[in-house]
Amino acid sequence: MCFFNFMLIDPITLSAFSLAVVLLALTPGPDLFLIVGRGLAQGRSAAIYTALGFFLAGTVQVPLLALGLATLISENPFLFDLIRYAGGAYLIWRGAKMVFGPVPDPSGEGYAVVSRGEALREGFVASLVNPKGHAFMLAFLPQFVDPTAGSVAFQFVILGLVMRAVALVVEVTLATFSGTIGAVLRRSRRARIMLERTAGLLIVAIGVRLLLLEPPEPRGVQ
């Protein structure tokens, strides 16, 4: 019976939660821009593996949230800065390589400048090192948790995994769509170079955004 405690999150709440996640996933933001930019510039495979990187980051973020470590990260200025500076520097470096590096000719529709492993890693890093993502989950998930229904930590885990799974479906759809459009656009060498540079600039912008995030104020500071 305990195994089915996840059903304590009633179907209506779960449906409303899933719909909210879909709308959030479609809202313009760093994740969406990175996936679409990758799809247009480097193909479906690169974009899809970037989305998978986001999902894998979620499998780390959700247990952190349930254990309370996400709260520690979001409220500790030193950890906040450490994560955002490391992640921001990595993304700026990767984006700069796309902006200033060579743009090879594609050998086919599915060709990607980056390997699947690189796209997966960059999606993972971009999501995991975003402290605001942890803070958002801390603000969003509790709205759908019922403390009287059982383990709050367990409900956090279930909702967090559902959130990442629903977001993955939306992101893979966007990756496929943008990759298909990109395959047509990249037939032109000029368009291919422009798309590659634009995707690189988007990654640099995401990195800069991380560096410019304001650290949270410690508790007790008004």
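Computed from a predicted model, the values in this text were never measured in an experiment. (Residues numbered from 1 in each chain as written. Predicted model: local features only at pLDDT ≥ 70, side-chain atom pairs only at ≥ 80, totals over all residues. Heavy atoms only, no water.)

Trainee: Help me out: how do you make sense of the overall build of the protein in this one?
Mentor: Broken down by element type, the protein carries nine helices and zero strands. Overall, the protein shows an N-to-C arrangement of helices and strands of α-α-α-α-α-α-α-α-α. In the protein, which comprises 222 residues, the share counted as buried stands at 41%. As presented, the protein carries roughly 11400 Å² of accessible surface, and 71% of it is formed by carbon and sulfur atoms. (Helix = DSSP H or I, 4+ residues; strand = E, 2+ residues; numbered from the N terminus. Buried < 20%, exposed > 50% of the residue type's maximum accessible area, 1.4 Å probe, protein only. Areas by Shrake-Rupley, 256 points an atom, 1.4 Å probe, with all protein chains shown as cover.)

Trainee: I keep staring at the packing of helix 2 (residues 30-42) against helix 8 (residues 152-185) and nothing clicks. Help me out?
Mentor: How two helices sit against one another is set out by the angle between their axes and by the gap between those axes. Taken N-terminus to C-terminus, the directions of helix 2 and helix 8 make an angle of 35°; their axes are 6 Å apart at the nearest point. The handedness of the crossing between helix 2 and helix 8 is right-handed. The residues of helix 8 that touch helix 2, namely those facing Asp31, Leu32, Ile35, Val36, Gly39 and Leu40, are Glu171, Leu174, Ala175, Ser178, Gly179, Ile181, Gly182 and Leu185. Its residues assigned to classes, the contact of helix 2 with helix 8 shows eight nonpolar, four polar and two charged. (Axes fitted to C-alpha atoms, helices over the stretch in contact; angles between N-to-C directions. Left-handed = near helix turned anticlockwise from the far one by under 90°. Contact = heavy atoms within 4.5 Å. Nonpolar A, V, L, I, M, F, W, Y, C, P; charged D, E, K, R; others polar.)

Trainee: Sorry if this is basic, but what is going on with the pattern of salt bridges here?
Mentor: It is possible for side chains of opposite charge to pair when their charged atoms get near one another. What the rule picks out here adds up to two salt bridges. Arg38 serves as the salt-bridge partner of Glu122, at 2.5 Å between the closest nitrogen and oxygen. Residue Glu122 is located in helix 6 (residues 116-128), and its partner Arg38 is located in helix 2; the two are separated by 84 residues in the primary sequence. Under the relative-accessibility criterion, Glu122 is labelled buried at 3%. For Arg38, a relative accessible area of 1% gives the class buried. (Salt bridge = Lys/Arg side-chain N within 4 Å of Asp/Glu carboxyl O.)

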